[in-house]
Amino acid sequence: MAAVAVAAGIIVAVAAPQAATAREQVAFRDASYAAGTIVVKTGERRLYLVLGDGTAVRYPVGVGKAGKQWTGTSRITGKYVKPDWAPPAEVKRDKPSIPNLIKGGTPQNPMGVAAMTLSGGEYAIHGTNVPRSIGGFVSYGCIRMFNEDITDLYSRVSVGTTVVVTR
């Protein structure tokens, strides 16, 4: 009986979601990125905020699913707290029952507590109301973060910050 209880406890511990504040400061020695640059490594499903002293703040993220990933350089064009969300045409085509507008701050809004829009497309770095999606290939190209982590990143960067997305 005790073995069953221990096994059940192990299963629960393994299946439990990660702590929401999973960011950490790590070594980052790639000198090709200036301090303040955001680097998203989709293959790692990690976002790095380069600090410029050989370190970066690393955050786990959800990234574009197969066929929805992109690479390139962009900039943050806007910062929004509890933004409304209007699904892009591609999302609406795939999921026609989605409302044309979901108000910010509601549980159905996929943007979470904050979003930073990116130049050159319909993408953003944003929070999520589905924390189990972090670490996966889950979006239509947006970079998805734990709400606590987008709040932290949001406070550290400004409009105009360079964002580089790599494989």
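Quantities reported herein were computed from a predicted structural model and do not represent experimental measurements.

A. Quick look at the overall build of the protein chain. Within the protein chain, the regular secondary structure consists of three helices and eleven strands. Seen in sequence order, the protein chain has helices and strands lined up from the N terminus as α-β-β-β-β-β-β-α-β-β-β-β-α-β. Burial status across the protein chain gives 41% buried among its 167 residues. Excluding contacts between residues fewer than 6 apart, the proportion of contacts in the protein chain whose partners are at least 24 apart in sequence is 62%. As displayed, the protein chain has an accessible area near 8,900 Å², and 57% of this comes from carbon and sulfur atoms.

B. Highlighting unusual backbone geometry. In this model, Arg45 sits at a positive phi of 55 degrees, which is unusual for a non-glycine residue. With respect to the secondary-structure elements, Arg45 resides in the loop between β2 (38-41) and β3 (46-50). For Lys82, which is not glycine, the phi dihedral falls at a positive 45 degrees. Position of Lys82 relative to the elements: it lies in the loop between β6 (72-81) and α2 (89-94).

C. Representation of the side chain of Ser74 within the structure. If you trace the backbone, Ser74 turns up in strand β6. A polar contact of 2.8 Å, which involves the side chain of Ser74, links it to the backbone oxygen of Ser119.

D. How the structure looks around the packing of aromatic side chains. Applying the stated criterion to the full structure yields three aromatic pairs. Arranged with centres 5.2 Å apart and planes meeting at 40 degrees, the rings of Phe28 and Tyr48 form a pair that is tilted. Highlighted residues: Phe28 in the loop between β1 (24-27) and β2 and Tyr48 in strand β3, separated in sequence by 20 residues. Each member of the pair, Phe28 as well as Tyr48, carries the same accessibility label: buried. Ring plane angle 10 degrees and centroid distance 5.2 Å describe the contact between Trp70 and Tyr123, whose orientation is recorded as stacked. Here Trp70 is found in the loop between β5 (63-64) and β6, whereas its partner Tyr123 is found in the loop between β7 (114-118) and β8 (124-126), with 53 residues between them in sequence. Its relative accessible area of 16% is what places Trp70 among the buried residues.

E. Representation of the nonpolar core in the model. Grouped together as the largest cluster of nonpolar side chains are 22 residues, with contacts concentrated most on Ile38, Leu47, Met116, Ile125, Met145 and Leu153. For this core, the elements supplying multiple residues, two or more each, are β2, β3, β4 (55-60), β7, α3 (147-156) and β11 (162-166). Excluding anything up to four places from it in sequence, Leu153 contacts Ile38, Leu47, Leu49, Tyr59, Met116, Ile125 and Met145. By size, the runner-up hydrophobic cluster in this structure holds nine residues, among which are Trp85, Val91, Ile98 and Tyr140.

F. Structural view of the pattern of salt bridges. A full pass over the atoms with the stated rule returns six salt bridges. Here Asp84 and Lys103 are joined by a salt bridge, their closest N and O atoms 3.4 Å apart. Of this pair, Asp84 sits in the loop between β6 and α2 while Lys103 is found in the loop between α2 and β7, placing the two residues 19 residues apart along the sequence. Residue Arg156 is joined to Asp152 by a salt bridge in which the shortest nitrogen-to-oxygen separation is 2.8 Å. In this pair, Arg156 and Asp152 are both assigned in helix α3, four residues apart and thus about one turn of the helix distant.

Rules of the game
- Residues numbered from 1 in each chain as written.
- Predicted model: local features only at pLDDT ≥ 70, side-chain atom pairs only at ≥ 80, totals over all residues.
- Heavy atoms only, no water.
- Helix = DSSP H or I, 4+ residues; strand = E, 2+ residues; numbered from the N terminus.
- Buried < 20%, exposed > 50% of the residue type's maximum accessible area, 1.4 Å probe, protein only.
- Contact = heavy atoms within 4.5 Å.
- Areas by Shrake-Rupley, 256 points an atom, 1.4 Å probe, with all protein chains shown as cover.
- Polar contact = N/O pair within 3.5 Å; in protein donor to acceptor, adjacent residues only side chain to side chain.
- Phe/Tyr/Trp six-rings, centres within 6.5 Å; stacked < 30°, edge-to-face > 60°.
- Core = buried A, V, L, I, M, F, W, Y, C linked by side-chain atoms within 4.5 Å.
- Salt bridge = Lys/Arg side-chain N within 4 Å of Asp/Glu carboxyl O.

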